[in-house]
Amino acid sequence: VQLQASGGGLAQPGGSLRLSCAASVSRGSMYAMGWYRQAPGKQRELVVSFTNGGGRDYGESVKGRFTISRDRAWNMVYLQMNSLKPEDTAVYYCSAREYGDTSPAYWGQGTQVTVSS
């Protein structure tokens, strides 16, 4: 499994950014894709993940502001981030979790998102 995240950068409070994750996964395995983030001095936390049933599991702090989507072939996963806040500043990681596992085993390289005026 290879994951390549892109699209981070600097945004003003209240602004928007869109992250992209290009995924290359093994055929014959099923993966739930998602996004996590890690701010300086804090643990990595869930932003949003697809569930095994195709639903979305959002972290409480981003509900109503962030949206995960994907292309039909699961080659690309996107994170649309609106109404950004300074506390959204973090390194964002694309992730892949095999069905049957409880946490991701695969991670992209991370992309920095900074929200500041």
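Remember, predicted model here, so these are calculated numbers, not experimental data. (Residues numbered from 1 in each chain as written. Predicted model: local features only at pLDDT ≥ 70, side-chain atom pairs only at ≥ 80, totals over all residues. Heavy atoms only, no water.)

Visitor: Please give an account of the overall build of the chain that cites residues and values.
Guide: Counting its regular elements, the chain contains zero helices and eleven strands. Mapped from its N terminus to its C terminus, the chain presents α and β elements in the order β-β-β-β-β-β-β-β-β-β-β. What you see for the chain is a C-alpha radius of gyration of 13 Å, in line with the 13 Å of a compact globule of 117 residues. Considered along the principal axes of its C-alpha atoms, the chain spans approximately 45 × 25 × 20 Å. (Helix = DSSP H or I, 4+ residues; strand = E, 2+ residues; numbered from the N terminus. Rg over C-alpha atoms; globule rule 2.2 N^0.38 Å.)

Visitor: I'd like a rundown of the pairing of strand S5 (residues 45-50), residues and numbers included.
Guide: The sheet contact formed by strand S4 (residues 31-38) and S5 spans four bridges and is antiparallel. Along S5, the bridge assignment pairs Arg37 with Glu45. As judged from the three bridges shared by S5 and strand S6 (residues 56-58), these two strands associate in the antiparallel manner. If you follow Ser49 over to S6, its bridge partner there is Asp57. In this antiparallel pair of consecutive strands, S5 and S6, the connection spans five residues, and Gly54 shows a positive phi of 90°. (Pairing = 2+ DSSP bridges.)

Visitor: Run through the pairing of strand S7 (residues 66-70), naming residues and quoting values.
Guide: As defined by bridge partners, S7 adjoins strand S8 (residues 76-81) across five bridges and the pair is classed as antiparallel. Paired with Phe66 across the strands is Met81, a residue of S8.

Visitor: Talk me through the sheet that holds strand S1 (residues 2-6); I want residue IDs and the actual numbers.
Guide: On the basis of which strands lie adjacent, the open sheet formed by four strands has the order S1-S3-S8-S7 and antiparallel pairing. Because the sheet does not close on itself, it has two edges, and the strands there are S1 and S7. With direction set aside, neighbouring strand axes in the sheet form an average angle of 15°. Sheet analysis places S1 next to strand S3 (residues 17-24), joined by five bridges and oriented antiparallel. Across the sheet, Gln4 pairs through a bridge with Ala22, a residue of S3. (Axes fitted to C-alpha atoms, helices over the stretch in contact; angles between N-to-C directions.)

Visitor: Explain the packing of aromatic side chains to me, and be specific about the residues and the numbers.
Guide: Per the stated rule, a full pass over the model turns up four aromatic pairs. With centroids separated by 5.9 Å and ring planes inclined at 75°, the aromatic side chains of Tyr31 and Tyr106 adopt a geometry described as edge-to-face. On the criterion of sequence distance, the pair formed by Tyr31 in strand S4 and Tyr106 in strand S10 (residues 106-107) is long-range, its members being 75 residues apart. Residue Tyr31 is classed as buried on the basis of its relative accessible area of 9%. Note on Phe50 and Trp74: the rings are 5.0 Å apart at their centroids and 75° apart in plane angle, and the pair reads as edge-to-face. In this pair, Phe50 is assigned in strand S5 and Trp74 in the loop between S7 and S8, connecting sequence segments 24 residues apart. (Phe/Tyr/Trp six-rings, centres within 6.5 Å; stacked < 30°, edge-to-face > 60°. Buried < 20%, exposed > 50% of the residue type's maximum accessible area, 1.4 Å probe, protein only.)

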